[in-house]
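Residue-level structural notes
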Amino acid sequence: MFTFHFQSYILSTILKGTMETGDQLIADLFTTREKELTAEERKKLDEQNKRLVPEFKANKLEVDAQRHWDIFYKRNETRFFKDRHWTTREFQELLDQSDFREAHQRRTLLEVGCGVGNLVFPLLEEQSRAKGNEDSVPCRRFYFYACDFSPRAVDFVRANPLYDPSSITAFQCDITTQQVHEHIPAGSLDVCTMIFVLSAIHPHKFKDVVQNLWRLLKPGGLVLFRDYGLYDMAQLRFKPGNKIAENLYVRQDGTRSYYFAEQEVAQLFTESGFDVLTNAYVHRRTLNVKEGVDVPRIFLQGKFRKKQL
């Protein structure tokens, strides 16, 4: 169950979208309020502090970060993540490009942390099915760039039957470094997506990532962001020995996960030359009464625009 005072919470909440469950519809809740922790949840967070990841191991996790993600994709291949068909519902900017289409122009989009293509390939498919393309001729609203830290993930993208160099270029890079600028000209992108990506990077490098995106985007270009929110169920479930630093944890497979507060993400982007268009927690529940499943999740979702010169 959610642990918030509903009456005060709902005043700052937008009901948006629905999610079909086994026997009812549950609305996503958008809010700028942090989740109010119960005494039991605070106790869980206190327990995590009793045994932190040793500094030597934490440093080794950073050194071996690419290897851990490559092993992840070697083990799971393309089976782990589901295709993200929800992105066009949450980010209409990914579809509504009629003005550009009429001018026979394509915009450019970079998916940071593309994995095996669970976001970019559904977008390519949706472009093919767009209005005026009944014969499934791609309308080519976007040219896609897709990058990932894992070379193995990029190989899976390139091996996908939908991969077509006339519509997409996939490449391996570390987005915290200057490598991305070897593949994409500065000031050339209209949109960058970061969907559950920044949380896998060490917080000390967050600013490097956002500044790289600022350099790649045109003035007025957008960053579309979604990631794990503060006090998400997954954060509360970590045991002692998994916490590296405040809100940063290591999973059993060696990959890391950070849980974001709304204000810190807003500050991260504003200090790097962006305007905040939207930025809010998303409270989502997966509810199936028949199966006795009630899973509350907290994500953080935002849109950030590079300031005009």
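Residues numbered from 1 in each chain as written. Predicted model: local features only at pLDDT ≥ 70, side-chain atom pairs only at ≥ 80, totals over all residues. Heavy atoms only, no water.

1. Some remarks on the packing of helix 4 (residues 65-76) against helix 8 (residues 151-159)
Cut-off, in case you're wondering: In this analysis an axis means a line fitted to C-alpha atoms, helices contributing only their contacting stretch, and an angle means the value between N-to-C directions, from 0 to 180 degrees. Secondary structure elements follow DSSP: runs of H or I no shorter than four residues count as helices, runs of E no shorter than two count as strands, and numbering proceeds from the N terminus. If an angle is under 35 degrees, it is roughly parallel; if it is over 145, roughly antiparallel; if it lies from 65 to 115, roughly perpendicular; otherwise it is oblique. In what follows, a contact means two residues having at least one pair of non-hydrogen atoms within 4.5 Å. Following the grouping adopted for this structure description, the nonpolar residues are Ala, Val, Leu, Ile, Met, Phe, Trp, Tyr, Cys and Pro, the charged ones are Asp, Glu, Lys and Arg, and the polar ones are all others, Gly among them.
At a minimum axis distance of 7 Å, the contact between helix 4 and helix 8 shows a crossing angle of 40°. By the criterion of interaxial angle, the relationship of helix 4 to helix 8 is oblique. For the pair helix 4 and helix 8, the contacting residues are Gln66, Asp70, Tyr73 and Lys74 in the first and Pro151, Arg152, Ala153 and Phe156 in the second. The residue makeup of the contact of helix 4 with helix 8, split by class, is 4 nonpolar, 1 polar and 3 charged.

2. Section: the pattern of salt bridges
Inclusion rule: We define a salt bridge as a side-chain nitrogen of Lys or Arg found within 4 Å of a carboxyl oxygen belonging to Asp or Glu. For each residue, the accessible area found with a 1.4 Å probe, counting protein chains only, is set against the maximum for its type, and the residue is called buried under 20%, exposed over 50%, and partly exposed in between.
In the structure shown here, the tally under the stated rule is 12 salt bridges. One salt bridge connects lysine 35 with glutamate 41, and the closest N-O pair in it is separated by 3.4 Å. On the basis of relative accessibility, which here comes to 13%, the residue lysine 35 falls in the buried class. The residue lysine 205 makes a salt bridge to glutamate 62 at a minimum N-O spacing of 2.6 Å. Taken together, the positions of lysine 205 in the loop between strand 6 (189-195) and helix 9 (206-216) and glutamate 62 in helix 3 (residues 55-63) put the pair 143 residues apart, joining distant regions of the chain. Overall, the relative accessible area of 28% leaves lysine 205 in the partly exposed class. Each of Lys60, Asp64 and Arg67 takes part in a single network of salt bridges with overlapping partners.

3. With respect to helix 2 (residues 39-48)
Quick note on the threshold: Taking the helix axis as origin, the arc is that swept by the directions to the C-beta atoms.
Along helix 2, the positions that sit buried rather than exposed are Glu41, Leu45 and Gln48. Along helix 2, the residues classed as buried sweep out an arc of 55° about the axis, all on the same side. Summarising the geometry of helix 2, the exposed residues directed more than 90 degrees from the buried face are Ala39, Glu40 and Lys43. Lining the buried residues of helix 2 we find helix 10 (233-237), strand 8 (243-245) and strand 9 (248-250).

4. Topic: the sheet that holds strand 8
Rule in force here: Pairing between strands is defined by DSSP: at least two bridges between them are needed.
Read across the open sheet, the 3 strands follow the order 8-9-10; overall the sheet is antiparallel. Looking at which strands have only one partner, the edges of the open sheet turn out to be strand 8 and strand 10 (256-258). Looking at each pair of strands side by side, their axes are set apart by 30° on average, direction ignored. Pairing of strand 8 with strand 9 involves 2 bridges; the strand directions are antiparallel. Within strand 9, the position partnered with alanine 245 by the bridge is leucine 248.

5. With respect to the side chain of serine 257
Stated precisely, the cut-off is as follows: As used in this structure description, the phrase polar contact means that two N or O atoms lie within 3.5 Å; if the pair is within protein, one of them must be able to donate a hydrogen and the other to accept it, and residues adjacent in sequence are counted only when both atoms belong to side chains.
Note that serine 257 resides in strand 10. Within the structure, serine 257 has its side chain in polar contact with the side chain of arginine 251 (distance 3.4 Å). Within the structure, the side chain of serine 257 is placed 3.3 Å from the side chain of tyrosine 259, a separation counted as a polar contact. With residues near it in sequence (within four places) discarded, serine 257 still touches Ser199, Tyr228, Asn247, Leu248, Tyr249 and Arg251.

6. Brief notes about unusual backbone geometry
Note: most peptide bonds trans; most residues except glycine with negative phi. For tyrosine 231, which is not glycine, the phi dihedral falls at a positive 70°. Assignment of secondary structure puts tyrosine 231 in the loop between strand 7 (217-228) and helix 10. Accessibility expressed as a relative area gives 17% for tyrosine 231, which makes it buried. One non-glycine residue, asparagine 247, lies in positive phi territory at about 65°. If you trace the backbone, asparagine 247 turns up in the loop between strand 8 and strand 9. Judged by its relative accessible area of 11%, asparagine 247 is buried.

7. Digging into the environment of asparagine 212
Its location among the elements puts asparagine 212 in helix 9. On the accessibility criterion, asparagine 212 (3% relative accessible area) is buried. Along the backbone, asparagine 212 and glutamine 179 are 33 residues apart, and their C-alpha atoms lie at a distance of 9.8 Å. Not counting chain neighbours up to four residues away, the residues in contact with asparagine 212 comprise Ile175, Thr176, Thr177, Gln178, Val180 and His181. In this structure the side chain of asparagine 212 is engaged in a polar contact, spanning 2.7 Å, whose partner is the backbone oxygen of isoleucine 175. Among the polar contacts listed, one links the side chain of asparagine 212 to the side chain of glutamine 178, at a separation of 3.4 Å.

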